[in-house]
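# Breakdown of the fold
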Protein chains: 2
Amino acid sequence: MANETRELTVELGDRSYPIYIGSGLLARTGQLFAERGFSVKSPVMLVTDASVEGLYAEAVEKALSDSGYKVTTAVVPSGETSKSLEMLDELVGVALQAGLDRRSTVIALGGGVVGDLAGFVAASYMRGVRFVQIPTTILAHDSSVGGKVAVNHRLAKNIIGAFYQPEFVLYDLDTLASLPMREVRAGLSEVIKHGLIWNADFVSWCEDNVERLLGLEPDALGYALYEGCRVKSIVVSRDERENDLRAILNLGHTIGHALEAVAGYGVLAHGEAIAIGMIGSARLATRFGYDSEIEVVTERIFRKFGLPVRIPEGIATEEVMAAMLHDKKFLEGQMVFVVPTAIGSVEIRNDVQIEWVSEIVDGLREGN
Amino acid sequence: MANETRELTVELGDRSYPIYIGSGLLARTGQLFAERGFSVKSPVMLVTDASVEGLYAEAVEKALSDSGYKVTTAVVPSGETSKSLEMLDELVGVALQAGLDRRSTVIALGGGVVGDLAGFVAASYMRGVRFVQIPTTILAHDSSVGGKVAVNHRLAKNIIGAFYQPEFVLYDLDTLASLPMREVRAGLSEVIKHGLIWNADFVSWCEDNVERLLGLEPDALGYALYEGCRVKSIVVSRDERENDLRAILNLGHTIGHALEAVAGYGVLAHGEAIAIGMIGSARLATRFGYDSEIEVVTERIFRKFGLPVRIPEGIATEEVMAAMLHDKKFLEGQMVFVVPTAIGSVEIRNDVQIEWVSEIVDGLREGN
């Protein structure tokens, strides 16, 4: 492949790590392990899901065995339901039987679900072993920066987890070619989010490059992923454990998570749900007296990318509001929201009135 | 109570925390929360077990509510079986329903099982909330220093966990008065271990104070716990994540864990199993050519404390050896053991011959 490999460092002191973005990178996995001095004596566990396994697992396995590593591959069912304590239990069993020791590495090959699950396995197996991420979706650019790993509980999403940084992230653009169009759009929603919170120029660039991005043109895609990861890594570097600044990354997520929960996880893709959520946040900005152009641009860009901009039929406002009560972004009973103050800039408000949110959710329902 | 409160700091940079050892401390829980600025707006979850609940939960609950904190108590069954992912799942459910948020605190009131379980809940709930330990056993002096928290997997003990430091540890000596004699002895086994690895004078002091310690004389007990915690905290401060030095704390644990597993968890108390294990390690010292006096003193002190010094009948050497293969202290296929070089000093050997261990285990069986 002719296009360049981009490299970015997530700065976190002694937990800093690089992200490599480019084509043909899977074949370099073993070499990267060796360069970092990972011992061939300690077995590696490759965690992937049923949809990714057949496409890319063999390339990674081969690259590792060519460099002398012993790999055991664990395949979990595709989808959010694999982010469970039951699956953690199962993967720990596989790791034990494969003889993984404290110097072993757990690799996540797949999207956000596999990354979150395998990351929590790496964080908790023997109280922490090495973790490497090989994302195969656009959306996973988000979860591959910042070390947030978790599984779900029947009462709440992502509620059992850790902050656990990978050794490195390998983003092979070739793996994105197999993504269904709907996932491409949903993944780009989170890329655009990083522009909306931090970089107005990048938002314009995305609007100007809709066709190239939806067409998965490697150079455009590589740049967009690089920029998305870069914004996120700046925020994460300044607030690793989500004490303050990092909360801005939740733009659109309060409403978005509630929509996902009510629709049933997986019905509305995460990126779709937060696109609607970001439009909701932009409407909140108007309520707070900020430029109504924010609302216009936010809705326009998501429309251009073919993302949903209204809540699908059959979802009641009351259900969405109720689901928000279980959202962990409600601290000490206060209603906290990330609100845009301009395109490329946001603030955290803890004085958001519940009625406003309820009215906005109502106004976002299909047909309104 | 007239005797003094001892205070010790576990030095871990910005994760440093104090341990308070003395009488009448439970009643001070609320005051200590307030002094540290824990918000009364965030609910507290008190995790305890069925045996401890009736004895001490009310005192802690009262101390906290008197200071304005809202407390929810979760009671788990007594015993090792509670250290499971199922129980983690259940406690996270309780925490969610009680409205615990990211500024909340999880308290462990009980022995090592409760500490390990509640500690892993605190480490993983919302990716980490505050953790406070109130140990009610002598053995828990060990697990309350160093932040090792974990649950068990059906294939291995303590295999799913984290390194997670508490905000503070409250050791109320009054709670030890209700301990069965067998648990007192077993707990002191781990106290003596800290002498054996680090402080020969303390080992002599223990031998000279057998009666006072077994009689739970507060001043002797307070001093022994202080010294046990102090030795452990020195080791942990120098090696928080168990990369090297911290391994010396595993004196007697390789054989000990295997004995516990084979006997069935809970049949042989942890402190009993490691007493036998430490005698095994002392015999290994003799094999390596160290002073045979080590073996003599080690066996003599455990006899004085009324601890088992031989493997109970019905446990076959082969079973013990097989159980060791699942022990995580075997790194990269090498057989690693902590071996005494004198009383109060140990080294880590990775050149231990399996036949030696097998012969020593055989020699330690009842009747030999």
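Residues numbered from 1 in each chain as written. Chains lettered and ligands numbered in written order. Predicted model: local features only at pLDDT ≥ 70, side-chain atom pairs only at ≥ 80, totals over all residues. Heavy atoms only, no water.

Selection rule: UniProt positions are given in the numbering used here, feature names are shortened, and annotations may be inferred rather than shown by experiment.
Under an unreviewed UniProt entry, chain A has the name 3-dehydroquinate synthase and belongs to Candidatus Cohnella colombiensis. The annotation that UniProt attaches to chain A under Subcellular location (unreviewed entry) is "Cytoplasm". Under Sequence similarities (unreviewed entry), UniProt gives the following word-for-word description of chain A: "Belongs to the sugar phosphate cyclases superfamily. Dehydroquinate synthase family."

### Focus: the interface of chain B and chain A
Our working rule: Every residue pair with non-hydrogen atoms within 4.5 Å of one another is taken to be in contact. Put simply, buried area is how much 1.4 Å-probe accessible surface two parts lose in total, over both of them, once they are put together. A side-chain nitrogen of Lys or Arg and a carboxyl oxygen of Asp or Glu constitute a salt bridge if their distance falls within 4 Å. A run of H or I in DSSP counts as a helix once it spans at least four residues, and a run of E counts as a strand once it spans at least two, with each numbered from the N terminus. All residues other than Ala, Val, Leu, Ile, Met, Phe, Trp, Tyr, Cys, Pro, Asp, Glu, Lys and Arg, Gly among them, are scored as polar; the first ten of these are nonpolar and the last four charged.
Each partner contributes residues to the interface: chain B has 38 residues there, and chain A has 38 residues. Regarding the contact of chain B and chain A, the summed buried area is about 3600 Å², with carbon and sulfur atoms giving 57% of it. Arg102(A) is paired through a salt bridge with Glu242(B); the nearest N and O atoms lie 3.9 Å apart. Elements with a contribution of two residues or more to the side of chain B that touches chain A: helix 3 (85-97), helix 4 (112-124), strand 7 (148-153) and strand 8 (156-163) of chain B. For the side of chain B that touches chain A, a count of residues per class yields 17 nonpolar, 10 polar and 11 charged.

### Considering the sheet that holds strand 1 (residues 6-10) of chain B
Residues and elements named next belong to chain B. Here is the rule we go by: Between any two strands, at least two bridges found by DSSP are needed for them to pair. Whenever a helix is involved, its axis is fitted only over the stretch in contact; in every case the axis is a line through C-alpha atoms, and angles between N-to-C directions fall within 0 to 180 degrees.
Read across the open sheet, the seven strands follow the order 1-2-9-6-5-3-4; overall the sheet is mixed. A strand with exactly one partner marks an edge of an open sheet, and here the two such strands are strand 1 and strand 4 (71-76). The average angle at which neighbouring strand axes cross in this sheet is 15°, direction not considered. Where strand 1 and strand 2 (residues 17-22) come together, five bridges link them in antiparallel fashion. If you follow Thr9 over to strand 2, its bridge partner there is Pro18. Sitting on the sheet, helix 2 (residues 50-66) is in contact with strand 3 (44-49), strand 4, strand 5 (105-110) and strand 6 (130-135), with an inclination near 155° to strand 3. Strand contacts of helix 9 (residues 218-238): strand 1, strand 2 and strand 9 (168-172), with the helix running at about 10° to strand 1, the strand carrying the most contacts.

### A few points about helix 10 (residues 253-263) of chain B
Residue and element names in this part refer to chain B. Our working definition: When accessible area is computed with a 1.4 Å probe and restricted to protein chains, residues below 20% of their type maximum are described as buried, those above 50% as exposed, and intermediate ones as partly exposed.
Across the 11 residues that make up helix 10, a large majority, eight, are buried. Three or more residues of helix 10 are buried, namely His253, Thr254, Ile255, Gly256, His257, Ala258, Leu259 and Glu260. In the stretch just after helix 10, Gly264 is the one whose phi turns positive, near 95°.

### Some thoughts on the packing of aromatic side chains
Stated formally: Think of it this way: a Phe, Tyr or Trp ring, Trp meaning its six-membered ring, pairs with another when their centres are within 6.5 Å, and the plane angle makes it stacked under 30 degrees, edge-to-face over 60, tilted otherwise. For a lysine, the NZ atom is tested; for an arginine, the CZ atom; a charge sits over a ring if that atom is within 6 Å of the ring centre and within 35 degrees of the ring normal.
Under the criterion given, the structure shown has 17 aromatic pairs over all chains. Ring centres of Phe33(B) and Tyr69(B) lie 5.4 Å apart, and the angle between their planes is 70°; on these two criteria the pair is classed as edge-to-face. With Phe33(B) in helix 1 (residues 29-35) and Tyr69(B) in the loop between helix 2 and strand 4, this residue pair connects regions lying 36 residues apart in the sequence. For the pair shown, Phe33(B) and Tyr69(B) are each scored as buried. The lysine or arginine in question, Arg130(A), covers the ring of Phe38(A), its NZ or CZ lying 4.2 Å from the ring centre.

### A few points about the environment of Asp172(B)
All names here are of chain B. Convention followed: For this analysis, a polar contact is any N or O atom pair within 3.5 Å, provided that within protein one partner can donate a hydrogen and the other can accept it, and provided that sequence-adjacent residues contribute only side-chain to side-chain pairs.
Relative to the elements of secondary structure, Asp172 occurs in strand 9. The spatial distance from the C-alpha of Asp172 to the C-alpha of Gly22 is 5.4 Å, given a sequence separation of 150 residues. Asp172 has contacts with Gly22, Ser23, Gly24, Leu25 and Leu26, leaving out every residue within four places of it along the chain. A polar atom in the side chain of Asp172 sits 2.9 Å from the backbone nitrogen of Asp174.

### Focus: the UniProt feature "domain: 3-dehydroquinate synthase N-terminal" (unreviewed entry) in chain A
Following the UniProt record, the feature "domain: 3-dehydroquinate synthase N-terminal" (unreviewed entry) maps to residues 74-185 of chain A here. For residues 74-185 of chain A, the end-to-end C-alpha separation is 28 Å, with 31% helix and 30% strand making up the annotated structure.

### Quick look at the state of the cysteines
Put simply, the test is: The criterion for a disulfide is a pair of cysteine sulfur atoms lying within 2.5 Å.
Under the definition given, this model contains zero disulfides over all chains. Looking at the unpaired Cys206(A), the closest cysteine sulfur is the one in Cys229(A), lying at 13 Å.

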